[in-house]
Amino acid sequence: MTDPYTLRAVAEDEFYDWARMIADTYGVDRTDEEIANQRAATALQRTIAAFDGGAPVGGASLYSRLLTVPGAAVMPVAGVASVGVTPTHRRRGILTSMMRRQLTDLHEHGAEPIAVLRPSEAAVYGRFGYGPATQGNQLRCDKRGMLFRPRTEFGHGMVRLMDRAQAHPLVEKIYDQVRRSSVGWPDRGASHWKVRLFDEPHSRGGATALRFAVHQEPDGQATGYALYRHKSARDAVGNDSSAVQVVELTAASRQAYAALWRYLVGIDLVPWIEYEGAVDEPLPHLLMDPRAARSAVVDRLWVRLVDVDRALAGRRYSASLDLVLDVEDAFCPWNTGRYRLQADASAVTCERTKAPADLRLSSTELGAAFLGGTTLASLAAAGLVQELRPGALAPASLAFRGDREPFYPGGWAFPLY
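All figures in this text were calculated on a predicted structure; none of them were measured in a lab.

Novice: When you look at the overall build of the protein in this model, what are you seeing that I'm missing?
Specialist: In terms of helices and strands, the protein carries 11 helices and 19 strands. Relative to its length of 417 residues, the protein is compact, with a C-alpha radius of gyration of 23 Å against a globular reference of 22 Å. If one aligns the C-alpha atoms of the protein with their principal axes, the spans along those axes are about 65 × 55 × 45 Å. Residue burial in the protein is summarised as follows: out of 417 residues, 53% are buried. The contacts of the protein with a sequence gap of at least 6 include a subset with a gap of at least 24, amounting to 72%. Of the roughly 18800 Å² of accessible surface on the protein, 51% is carried by carbon and sulfur atoms. Averaging the locations of the 48 positively and 48 negatively charged side chains of the protein gives two centres separated by 3 Å.

Quick look at the structure:
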C-alpha cells in the first residue's frame, strides 16, 4: 500500500510554515525571532516533514552534536528535536514513518551511531527503541532551612552579578570546560547558545529577565556561573511562594559550586529556590538539614542505539569486560543478533559473534544503560534483561556504570537549546 503522506526534507521557503506547524502541535506561540533562531540552528537536509498535498502535517529534525559518554569520551550523536504531528493527522502512522526514516537514514549513511532526545511525552518513544538514560532531580529548596555545614569550603573567590555581554563569553568557556568530563553533557555552538539564552519577555513565564552570576577566583579566573530568574507568586491561601528559578548552574570546582549556592541562598525577599540538577546533586550534602532541598526525580535524556556495535565500542567501561549480548531490535532489525563486547583499560571492541550469549536484552535496554545511569541489574529486576550465563549480570552491570550519575543540562525537545 502506498503511503499517502510524502516524507522529505524541508525546503528553505517551507521552513517558516513547518516550524509554525510544529509549534502548534505543542500549543505554543513563537515569534519570528524565535523561528529565525531555530532556522539558524537547523540543517535543512536533516529535517523531515510529512506533507498532505502541499501542507506540512508532521515533522522532526536532527542536530549533530557531541555528547560526553562514560570514560570522558566524546561521541557524535544525532539530537532529535521539533517532533510533532498536527492534531488533524494523528494516529495515521506518520510519527512511526518519520522515526523509521530518521533511524534508517542514519544507519545506511554510517552517520551518528546514537540518536538522543528529550521527550515531551515519556510513553511515546519506547516503541521506537529509545530508553531513558538520564534523570533530572527537580529541587524545591526552602531557604529558611538552608544552613550550610560548618566545614563547607567556599574558597576565596567571589560571585559577581554581571550583564549579559560581560558574562556570556565566561559562561561559554566554563560550560565547555566542565562538559568535557561530565557524562550526558552536549557541546553547544553559537546557535545553540543563542537559543539557550533566548530571553524575550513572553518566554519567561511571568518571571524576570535572566540574571548572570559568575564566580571568579582571586586572580580573576571564572570558575562557575548560575543563570537564574526571580518569580513572584502566592499560593492558594495567600502564602508567599516566590522563588529564585535557577535555569543552569555550572562549576569547575567544589568551592565554586558551594559559593554559588551560598550566593543564591543569600538573595533576599524570596523564600524558595527551584532548580533541576543531577540525581546525585551535591547540594543536600552541604546543608545541615538535607530536607530543606525537596526532591522529585524525572526522566530526561533518552538514548537510541542506531548501530549497536559502533555505539558500544564508542564509550569506556569501569571494569574489564568479555561479554556476549543477544540483542533484539524489532524497529531497527539490522541490530538484531549477538555481539561480543570486550573492554579493558586501553581498548574496546564490539563485534558480531556466534558464541553463546551471556545476557539477552533489547536495544531499548541498552540505550537506557548506555550512559551509566540506569543499571542492567535494575532492568533485569524488572524482567527486561535475561541472564543466560549465571554470574554474568553483576559484573556487566558494574562495568556499564560511571563514577557519577549522568545528567543532561538542557533539552532537545521543543524548544531546542
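Here the narrative resumes.
Novice: When you look at the pairing of strand β3 (residues 55-69) in this model, what are you seeing that I'm missing?
Specialist: Working note: regular strand, side chains alternate between the two faces of the sheet. Burial analysis of β3 places 12 of its 15 residues in the buried class, which makes it a mostly covered element. Taken together, the six bridges between strand β2 (residues 47-52) and β3 define a ladder with antiparallel strand orientation. Bridging from a neighbouring strand, Asp52 pairs with Ala55 of β3. Hairpin connection from β2 to β3: two residues lie between these consecutive antiparallel strands, with Gly53 at a positive phi of about 70°.

Novice: Hey, could you run me through the side chain of Arg229 in this one?
Specialist: Inspection of the secondary structure assignment puts Arg229 in strand β10 (residues 222-231). Of the polar contacts made by the side chain of Arg229, one reaches the side chain of Asp199; its length is 2.5 Å. Non-local contacts of Arg229, meaning those with residues more than four positions away in its chain, are made with Phe198, Asp199, Arg204, Ala207, Thr208, Ala209, Leu210, Ala243, Val244, Gln245 and Val247.

Novice: For this particular structure, what's the right way to read the sheet that holds strand β15 (residues 321-328)?
Specialist: Hydrogen bonding along the main chain pairs the strands of a sheet, whether they run parallel or antiparallel. With respect to topology, five strands assemble into an open sheet ordered β17-β16-β15-β18-β19, the strand pairing being mixed. Pairing within the sheet leaves two strands with one partner each, and these edge strands are β17 (348-352) and β19 (385-387). Each neighbouring strand pair of the sheet contributes to a mean axis angle of 25°, computed without reference to strand direction. One ladder, built from four bridges, connects β15 with strand β18 (residues 359-362); its direction is parallel. Residue Val327 lies in a different strand from β18, and its bridge partner there is Leu361. The strands touched by helix α11 (residues 393-400) within the sheet are β15, β16 (337-343), β18 and β19, with β15 carrying the most contacts at an inclination of about 95°.

Novice: Before we go on, may I ask you to explain the sheet that holds strand β9 (residues 211-216) in this structure?
Specialist: A sheet is described by the order of its strands in space; here seven strands give the open sequence β8-β9-β10-β11-β12-β7-β13, paired in mixed fashion. Edge strands, defined here as strands with exactly one partner in the open sheet, are β8 (158-162) and β13 (293-299). Averaged over neighbouring strand pairs, the angle between their axes works out to 25° when direction is ignored. As defined by bridge partners, β8 adjoins β9 across five bridges and the pair is classed as antiparallel. Each bridged residue has a counterpart across the sheet, and for Met162 the counterpart in β9 is Phe212. Lying on the sheet, helix α6 (residues 254-265) is in contact with β8, β9, β10, β11 (243-251) and β12 (272-277); it crosses β11 at an angle near 165°.

Novice: Looking at this model, I keep getting lost on helix α2 (residues 32-40). Mind explaining?
Specialist: Every α-helix carries 3.6 residues per turn, so stepping three or four residues along brings you back to the same face. Those residues of α2 lying buried are Glu34, Ile35, Asn37 and Gln38. Buried residues of α2, viewed axially, fall in a sector of 155°; they line one side. Projecting away from the buried face of α2 at angles above 90 degrees are the exposed residues Asp32 and Ala40. Buried positions along α2 lie against α1 (15-25), β3, β4 (73-85) and α5 (190-196).

Novice: Explain the environment of Gly383 here, please?
Specialist: Here Gly383 lies in the loop between α10 (376-381) and β19. Linking Gly383 and Ala60, residues 323 residues apart in sequence, is a C-alpha distance of 32 Å.

Novice: Can you help me understand the nonpolar core in this one?
Specialist: Burial of nonpolar side chains together is a common tendency in soluble globular proteins. Within the largest apolar cluster, 42 residues are counted, with the highest numbers of intra-cluster contacts made by Leu312, Phe370 and Leu376. Excluding its chain neighbours within four sequence positions, the residues that come into contact with Leu312 are Leu305, Tyr317, Leu325, Leu341, Val348, Cys350, Leu366, Phe370 and Phe400. By size, the runner-up hydrophobic cluster in this structure holds 30 residues, among which are Ala226, Ala259, Leu260 and Ala292.

Novice: Help me out: how do you make sense of the side chain of Thr42 in this one?
Specialist: Residue position: Thr42 is located in the loop between α2 and β2. With relative accessibility at 7%, the residue Thr42 sits in the buried group. Reaching out from Thr42, the side chain makes a polar contact with the backbone oxygen of Gln38 at a distance of 2.6 Å. A polar contact of 2.9 Å, which involves the side chain of Thr42, links it to the side chain of Tyr63. Ignoring any residue separated from it by four or fewer positions in sequence, one finds Thr42 in contact with Phe15, Thr47 and Tyr63.

Novice: How should I be thinking about the packing of α1 against α2 in this particular structure?
Specialist: How two helices pack is summed up by the angle between their axes together with the distance between the axes. Taken N-terminus to C-terminus, the directions of α1 and α2 make an angle of 110°; their axes are 11 Å apart at the nearest point. In terms of axis orientation, α1 runs roughly perpendicular to α2. In this structure, α1 uses Phe15, Tyr16, Trp18, Ala19 and Arg20 to contact α2, whose residues at the interface are Asp32, Ile35, Gln38 and Arg39. Partitioned by chemical class, the residues of the contact of α1 with α2 number five nonpolar, one polar and three charged.

Novice: Looking at this structure, I do not really get unusual backbone geometry. What am I missing?
Specialist: A positive phi angle, close to 60°, is found at Arg91, a residue other than glycine. If you check the backbone angles, Leu269 has positive phi at about 70° while not being a glycine. Mapped onto the secondary structure, Leu269 falls in the loop between α6 and β12. In this structure Leu269 comes out as exposed when scored by relative accessible area, which is 80%.

Rules used throughout
- Residues numbered from 1 in each chain as written.
- Predicted model: local features only at pLDDT ≥ 70, side-chain atom pairs only at ≥ 80, totals over all residues.
- Heavy atoms only, no water.
- Helix = DSSP H or I, 4+ residues; strand = E, 2+ residues; numbered from the N terminus.
- Rg over C-alpha atoms; globule rule 2.2 N^0.38 Å.
- Buried < 20%, exposed > 50% of the residue type's maximum accessible area, 1.4 Å probe, protein only.
- Contact = heavy atoms within 4.5 Å.
- Areas by Shrake-Rupley, 256 points an atom, 1.4 Å probe, with all protein chains shown as cover.
- Lys, Arg positive; Asp, Glu negative; His and termini not counted.
- Charge placed at Lys NZ, Arg CZ, Asp CG, Glu CD.
- Pairing = 2+ DSSP bridges.
- Polar contact = N/O pair within 3.5 Å; in protein donor to acceptor, adjacent residues only side chain to side chain.
- Axes fitted to C-alpha atoms, helices over the stretch in contact; angles between N-to-C directions.
- Arc of directions from axis to C-beta.
- Core = buried A, V, L, I, M, F, W, Y, C linked by side-chain atoms within 4.5 Å.
- Parallel < 35°, antiparallel > 145°, perpendicular 65-115°, else oblique.
- Nonpolar A, V, L, I, M, F, W, Y, C, P; charged D, E, K, R; others polar.

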